[in-house]
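# Examination of the molecular architecture
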There are 2 protein chains.
Amino acid sequence: MANIHEVAKQAGVSSATVSRVLNNTSSVTERTRQKVDQAIKELNYEPSMLGRNLRNSESRLLLVLIPNFSNPYYTEIINGIEDFSVERGYNILLCETDSNPTRENTFFNMVKNKLADGIISMDPTINMAKLQELAKKHSIVLCSEYDELERIPYVAIDNEVAAYKVMKHLIRLGHENIALINSDEKFLYARQRRKGYERALEEFDLPLRQEYIYNTNNLDFQDGAQAMRKLLQLDETPTAAFAVSDTLAIGALKELNVKGMNVPGEFALVGFDNISFSNMTNPTLTTVAQPMYQMGIAAANMLIDQLQGKPVDSVMLDHELIIRESTLN
Amino acid sequence: MANIHEVAKQAGVSSATVSRVLNNTSSVTERTRQKVDQAIKELNYEPSMLGRNLRNSESRLLLVLIPNFSNPYYTEIINGIEDFSVERGYNILLCETDSNPTRENTFFNMVKNKLADGIISMDPTINMAKLQELAKKHSIVLCSEYDELERIPYVAIDNEVAAYKVMKHLIRLGHENIALINSDEKFLYARQRRKGYERALEEFDLPLRQEYIYNTNNLDFQDGAQAMRKLLQLDETPTAAFAVSDTLAIGALKELNVKGMNVPGEFALVGFDNISFSNMTNPTLTTVAQPMYQMGIAAANMLIDQLQGKPVDSVMLDHELIIRESTLN
DNA sequence: TATTTGTATGAAATCGTTTACAATTAAATG
DNA sequence: CATTTAATTGTAAACGATTTCATACAAATA
């Protein structure tokens, strides 16, 4: 593969001029531009990003950290990030951390190594301390999960309000015994959604019953099924449940199906995230839609602005309650 | 961030020696090694991949091309690719082509540009001519979709046999009117699965009825629902269907649910791919499992071998029919 | 001790760009 | 036409690593 000097020689100019044509950075005569273009075609030259990146000391590569690829929750956000980044001349590298500190370290090193310019983290299990440290010298943005105390900019939704709205919807339908299928409360969003759950109970004068709150270890279908199994074993079984993710809700729904319970007739169910499957279940699932694509756009925008030295502020985006068959009666 | 020369100065040696310590490529006294390690720690130096890559003219980055992130079909394959690559010191860049030629070109250029070392393509819509051209000078592997005529190495399963097995299963259950919900037959796998469908009909002396074959435009849920809607409008409706992807099957199942039909009592249904959601539907879905993770491993292995100049051969992996409720009676 | 062999280190070239600075040429002004 | 100003182009030094080749020194041999 030809390099810039060979192109220069072929065109009878200096490599500097070729570079100028390539980046049209300063004025070049139409005539020389043509000679250079000609030479580029003849040698079918492609500039080496390695050389360019080294010289400019930037890679135009952004890291997107997610706990695992299989979670459909992230796909639309990623699309947003991808579209915006490509638009601005950046590529994204999707990184699966598997909640594995070694993996995590690999990615942190990539930005220290200059192999990547910055990070958008959507991994709630990430090592915040290390990330804070990294953020001192590099550009980082948090998406959907964030750190209340610190100053890494983030984009997220108001989880508490969303959970509150879900509860209000269920309460209006006449439910008084409403379970919460929550994930591990080491996650901020889990704590926030629980807060919304509790606030709604309080405001509508319903008792807060600890046995109605089930915390899962993961967000897999089985965890949701397991949770529902436990809830249905209680003396006074709930008549509705709010699961903090659609995957959990779908697992719970599966269990209700297995038990032959009518949804929403005997049991109402709400999920969270509006993943595409949530509209394919039987019955279809009431859920909370986050503006995924917009969140992706916003996160990418913030990161690139940060890279270019502009000041950035965290943003809070709107959400929407999508009412479907699982709560309609 | 310190560079190798500063480390050298700090340690009182030359940059060559530091490089030798870093890569322990040739003998270095224990004493100087310690001095260098010391200096590296003091300056907390991280070698720049940009410099290294430029010098070595390799990026240790592999491109993985998929049509879109949201298709759950690819996740396990990607996990396989990722695990194997990381093991061998490569990182992967997940590239969504969106079946968009411009996007595609961007990725092709990345390997021409030396920004990436090779490509694993899982995109059935890819421009084969261009890919062949690229393959002359660069390392490329196809996964799951391949080109019968050409010599780009691939890893895949025997789609025809798989489809044949599905049909045999349905025929044994007593079905005689079996529909095929196929995707666009510009895809090789679609043509192969149709072949298996037809061969089974022939061998069991069942008529081949064109109106039982429905071709969808995409693989979304709606396409499956749409297909089932059409099939149920036929004069003599089929009693079973084989959908060439789980997403199509799930859409079809949704439509059957809507129509109030009992599955498998009134209608038996088989999918393909064994995506995780296929075990959460009601009823759970009979499907064909491909050894996704293994395919990923194999593809990455082939690509890296190729990069290192070893000869590689295409491989055909086994599949498995997973019988669940949607065909059990 | 003189000579050979082997090991440990350093100097400098290299990978392919971009860019500050200098130098050349062309255009504009009086 | 001489002089100033502006527009093009070239030279050479970075960016940060690796590696060839040469050199210094220590150990082994005669």
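Residues numbered from 1 in each chain as written. Chains lettered and ligands numbered in written order. Predicted model: local features only at pLDDT ≥ 70, side-chain atom pairs only at ≥ 80, totals over all residues. Heavy atoms only, no water.

- Under an unreviewed UniProt entry, the name given to chain A is DNA-binding transcriptional regulator CytR, and the organism recorded is Alkalibacillus haloalkaliphilus.

## Observations concerning the protein's contact with DNA strand C
- His5 and Arg55 of chain A together with Ser27, Thr29 and Thr32 of chain B are the nearest of the 27 residues found near DNA strand C.
- The sugar and phosphate moieties of DNA strand C supply 64% of its atoms located within 4 Å of the protein.
- Between DNA strand C and Thr17 of chain B, the relevant distance is 2.7 Å, taken from a phosphate oxygen to a side-chain nitrogen or oxygen of the residue.
- Thr29 of chain B is positioned with one of its side-chain polar atoms (N or O) 2.6 Å from a sugar or linking oxygen of DNA strand C.
- When residues of the surface near DNA strand C are traced back to their parent elements, those giving at least two are α1 (4–11), α2 (15–23) and α4 (49–56) of chain A together with α2 (15–23) and α4 (49–56) of chain B.
- Per element, the largest residue contribution to the surface near DNA strand C is five residues, and it comes from α4 of chain A. (Near = heavy atom within 4 Å. Polar contact = N/O pair within 3.5 Å; in protein donor to acceptor, adjacent residues only side chain to side chain. Helix = DSSP H or I, 4+ residues; strand = E, 2+ residues; numbered from the N terminus.)

## Considering the layout of surface pockets
- By volume, the second largest pocket amounts to about 980 Å³.
- Looking at the lining of the second largest pocket, the elements with two or more residues in it are α4 and α6 (101–112) of chain A together with α4 and α6 (101–112) of chain B.
- Across the lining of the second largest pocket, the residue classes tally to 16 nonpolar, 17 polar and nine charged. (1 Å grid on protein atoms, 1.4 Å probe; cavity = no way out; pocket = protein on both sides within 12 Å on 5 of 7 lines; lining within 4 Å. Points joined across faces, edges and corners; volume = space filled by probe spheres on them. Nonpolar A, V, L, I, M, F, W, Y, C, P; charged D, E, K, R; others polar.)

## Points about the relation of the copies chain A and chain B
- The transform that puts chain A on chain B rotates by 180° and translates by 0.0 Å along the axis, for an RMSD of 0.2 Å. Given the turn and translation reported, the copies of this chain are related as if by a two-fold rotation axis. For chain A, the smallest separation between a C-alpha atom and the rotation axis is recorded for Leu93 of chain A, amounting to 2.5 Å.
- Counting the interface residues of chain A, we find that 100% of their copies in chain B are interface residues as well, pointing to one common contact surface. (Least-squares fit on C-alpha atoms with pLDDT ≥ 70 in both. Contact = heavy atoms within 4.5 Å.)

## Structural notes on the domain arrangement of chain A
- Domain assignment breaks chain A into domain 1 (4–47), domain 2 (59–157 + 292–318) and domain 3 (159–289 + 322–327).
- In this structure, domain 1 of chain A and domain 3 of chain A have C-alpha centres spaced 63 Å apart. (Domains from an automatic or database assignment.)

## Digging into unusual backbone geometry
- The residue after Asn282 of chain A, namely Pro283 of chain A, is reached through a cis peptide bond having omega 0°.
- With respect to the helices and strands, the residue Pro283 of chain A is situated in the loop between β9 (268–270) and β10 (287–289).
- With a phi angle near 75°, Ser144 of chain A is a residue other than glycine that sits in the positive phi range.
- Within the fold, Ser144 of chain A resides in the loop between β4 (139–143) and β5 (154–157).
- Despite not being glycine, Asp273 of chain B shows a phi value in the positive range, around 120°.
- Turning to its location among the elements, Asp273 of chain B is positioned in the loop between β9 (268–270) and β10 (287–289).

## Side note on the protein's contact with DNA strand D
- Taken together, 26 residues sit near DNA strand D, with Arg20 and Ser27 of chain A together with Ile4, Ser48 and Arg55 of chain B positioned nearest.
- Restricting attention to atoms of DNA strand D within 4 Å of the protein, one finds that 61% of them are sugar or phosphate atoms.
- The separation between a phosphate oxygen of DNA strand D and a polar side-chain atom of Thr17 of chain A is 2.8 Å.
- Between DNA strand D and Ile4 of chain B, the relevant distance is 2.5 Å, taken from a phosphate oxygen to a main-chain nitrogen or oxygen of the residue.
- Contributing elements (two or more residues each) for the surface near DNA strand D: α2 and α4 of chain A together with α2 and α4 of chain B.
- When residues in the surface near DNA strand D are grouped by element, the largest group, five residues, is from α4 of chain B.
- Looking at side-chain class alone, the surface near DNA strand D contains nine nonpolar, 12 polar and five charged residues.

## Quick look at helix α10 (residues 221–232) of chain B
Residues and elements named next belong to chain B.
- Taking 1.5 Å as the rise per residue, α10 with 12 residues should run 16 Å; its terminal C-alpha atoms sit 17 Å apart, in good agreement.
- Listing the buried residues of α10 in full gives Phe221, Asp223, Gly224, Ala225, Ala227, Met228, Leu231 and Leu232.
- Of the surrounding elements, those touching the buried residues of α10 are β6 (178–182), β7 (213–215), β8 (240–243), α11 (246–258) and β9. (Expected span 1.5 Å × (residues − 1). Buried < 20%, exposed > 50% of the residue type's maximum accessible area, 1.4 Å probe, protein only.)

## A word on empty space enclosed by the protein
- Overall, the coordinates contain four cavities of 30 Å³ or more when judged by the stated rule.
- Considering only enclosed or pocket space, the largest cavity measures out at about 120 Å³ in volume.
- What lines the largest cavity is a set of 15 residues, and nearest its centre among them are Thr281 and Asn282 of chain A together with Met280, Thr281 and Asn282 of chain B.
- Looking at the lining of the largest cavity residue by residue, the class counts come to seven nonpolar, six polar and two charged.
- Approximately 100 Å³ is the volume attributed to the second largest cavity.
- Within the residue set of the lining of the second largest cavity, elements represented by two or more residues are α5 (75–87) of chain A together with α5 (75–87) of chain B.
- For the lining of the second largest cavity, a count of residues per class yields 10 nonpolar, four polar and no charged.

## With respect to the packing of aromatic side chains
- Going through the model one piece at a time under the given rule, you end up with 11 aromatic pairs over all chains.
- Summarising the aromatic geometry, the rings of Tyr146 of chain A and Tyr154 of chain A are spaced 3.9 Å apart at their centres and angled 15° between planes, so their arrangement reads as stacked. With respect to class, Tyr146 of chain A is no different from Tyr154 of chain A; both count as buried.
- Here the aromatic residues Phe221 and Phe277 of chain A together with Phe221 and Phe277 of chain B are joined through ring pairs into a cluster of three or more.
- Over the face of the ring belonging to Phe272 of chain A we find Arg193 of chain A, whose NZ or CZ atom lies 3.6 Å from the ring centre. (Phe/Tyr/Trp six-rings, centres within 6.5 Å; stacked < 30°, edge-to-face > 60°. Lys NZ or Arg CZ within 6 Å of the ring centre and 35° of its normal.)

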